[in-house]
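An overview of the molecular structure
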Amino acid sequence: GKRFVFSGDIGRKEDWLMRAYTKPKKADILFVESTYGSRLHPKEDLMERLQKIVHHTVEKGGTLIIPSFAVERAQTLMFLLWQLQKNKSIPDIPMIMDSPMAANVLDVFHKHSSWHKLTAEDCTQMCNQFHIVKSFKETWEVIDVKRPKIVIAGSGMVTGGRVLTYLQQYLDRPETTLLLAGYQAEGTRGRSLLEGASELKIYGKYYEVKAEILNLEVLSAHADQGELLDWMSDLESKPEKVFIVHGENHAADALRLKIKDTLGWDSI
């Protein structure tokens, strides 16, 4: 007779591709994520920042590598870069998407246009602007291209996937830009790079980090503290229990305190 509500990954209220989250009305027991429970996302102009990063990399004569999650993040990056190139805000350089799973997700985007904001025509035009790598042999063909280029490759936290092959070849080059475009959990290669690691272990071998490491925090797909509170703001009555999950300890505890101070609910 109890209603258990699980937030899952809530997502952003204003997103480039996905529609706004739905707020629950009733919950006896509430489970809520807390990935960004301790902070608010920056308000910087994402398109302007991305444009500057691309121009900066091209001026260095380097390659822009963006490790990416396969579901929604890779497609959002493709959309943003397509828009910048379409508006002639960035140079007409090769753009590559190298993630088998992300390529499969593109098929889902094509088949189910009602699930997201892109029209079928937009989806096709966006994909046509990219070279979508089909095989590992093609990965090496991309690496052999000496001119400046943009590569989106899995995985988002640099824990595995095709991006490791690119980093083996590009990480020790000062002209390379590595753009981290999502949450980097403790213990991942992405977090190590974010914290200024001087070398990175890939497949048992250490590679010197000479590439420029940048972070695009504004692109996060997780709700921040304000959006998490907004998501639960339509509940008609106080839940019996609130369990804060899916976040590092400091983020979860910060959200616990904020919920207590704002809504008067006791959370665990």
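Residues numbered from 1 in each chain as written. Predicted model: local features only at pLDDT ≥ 70, side-chain atom pairs only at ≥ 80, totals over all residues. Heavy atoms only, no water.

**A look at the sheet that holds strand β10 (residues 212-215)**
Short version of the rule: Criterion used throughout: strands pair if DSSP finds at least two bridges between them. Elements are defined by DSSP. Helices are runs of H or I of four residues or more, strands are runs of E of two residues or more, and each kind is numbered from the N terminus. In what follows, residue pairs with any heavy atoms lying within 4.5 Å of each other are defined as contacts. To get an axis, a line is fitted to the C-alpha atoms, and for a helix only the part in contact is used. The angle between two axes follows their N-to-C directions and goes from 0 to 180 degrees.
Taking strand neighbours across the sheet as the criterion, the six strands line up as β5-β4-β6-β3-β7-β10 in an open arrangement whose pairing is parallel. Of all strands in the sheet, those bounded by a partner on one side alone are β5 (131-132) and β10. Strands β4 (95-98) and β5 of the sheet are contacted by helix α3 (residues 100-111), whose axis makes an angle of about 100° with β4.

**Some words on the packing of aromatic side chains**
The condition is simple: Between the rings of Phe, Tyr and Trp (Trp by its six-membered ring), a pair exists once the centres lie within 6.5 Å; its type follows the angle of the planes, with under 30 degrees stacked, over 60 edge-to-face, and the other angles tilted. Three exposure classes are used, based on accessible area relative to the maximum for each residue type with a 1.4 Å probe and protein chains only: buried under 20%, partly exposed in between, and exposed over 50%.
Applying the stated criterion across every chain, the model contains seven aromatic pairs. Seen in terms of ring centroids, F4 and F31 are 6.4 Å apart; in terms of plane orientation they differ by 20°. Their pairing is stacked. Taken together, the positions of F4 in strand β1 (residues 4-6) and F31 in strand β2 (residues 29-33) put the pair 27 residues apart, joining distant regions of the chain. Residue classification places F4 among the partly exposed residues on the basis of a relative accessible area of 49%. What makes F31 buried here is its relative accessible area of 18%. Among the aromatic residues, those joined into a ring-pair cluster are F4, F6, F31 and F243.

**What about unusual backbone geometry?**
Going from G154 to S155, the amide bond is cis rather than trans, its omega being 10°. You can see S155 is positioned in the loop between β6 (149-153) and α6 (163-170). Of note, K88 is a non-glycine position whose phi angle comes to about 60°, a positive value. Its identity is not glycine, yet H246 carries a phi of approximately 55°, on the positive side. Position of H246 relative to the elements: it lies in the loop between β11 (241-245) and α9 (249-263).

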